[in-house]
Amino acid sequence: MPHTHQSNLEDAAVLNLTDDVSRRIDRIREAADAARAQRTREQLERDRGDR
């Protein structure tokens, strides 16, 4: 089935949404990694204080 102008626009829209979702997932992962690292630093500080 040949691609029409409309189907090309739809394909582009889907790719655009996919890229947007991908970027959002990356930002969420980065935020989660930063939060985990912060908790780890705080735990290390508490552990040092317990000695």
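Residues numbered from 1 in each chain as written. Predicted model: local features only at pLDDT ≥ 70, side-chain atom pairs only at ≥ 80, totals over all residues. Heavy atoms only, no water.

This next bit is on the overall build of the chain. Secondary structure summary: the chain contains one helix and zero strands in total. By principal-axis analysis of the C-alpha atoms, the chain measures approximately 70 × 15 × 5 Å. Taken over 51 residues, the chain has a buried fraction of 2%. Here the chain has roughly 4800 Å² of accessible surface; of this, 55% comes from carbon and sulfur atoms. Between the mean site of the 10 positive side-chain charges and the mean site of the 11 negative ones, the chain shows a separation of 7 Å. (Helix = DSSP H or I, 4+ residues; strand = E, 2+ residues; numbered from the N terminus. Buried < 20%, exposed > 50% of the residue type's maximum accessible area, 1.4 Å probe, protein only. Areas by Shrake-Rupley, 256 points an atom, 1.4 Å probe, with all protein chains shown as cover. Lys, Arg positive; Asp, Glu negative; His and termini not counted. Charge placed at Lys NZ, Arg CZ, Asp CG, Glu CD.)

Here we take up the environment of A35. In this structure, A35 sits in helix α1 (residues 5-49). Judged by its relative accessible area of 32%, A35 is partly exposed. Distance in space between the C-alpha atoms of A35 and V14 is 31 Å, their sequence separation being 21 residues.

Here we take up the pattern of salt bridges. Counted under the stated rule, the structure contains three salt bridges. Note that R24 and D20 form a salt bridge whose closest N and O atoms lie 3.1 Å from each other. On the criterion of helical spacing, the pair formed by R24 and D20 is a turn pair, its members being four residues apart in helix α1. Classification of D20 as partly exposed rests on a relative accessible area of 24%. The salt bridge partner of D33 is R36, with a shortest N-O separation of 2.5 Å. Of this pair, D33 and R36 are both found in helix α1, three residues apart, which corresponds to roughly one turn of the helix. We classify D33 as partly exposed; its relative accessible area is 42%. Judged by its relative accessible area of 44%, R36 falls in the partly exposed class. Connected via shared salt-bridge partners are D20, R23 and R24. (Salt bridge = Lys/Arg side-chain N within 4 Å of Asp/Glu carboxyl O.)

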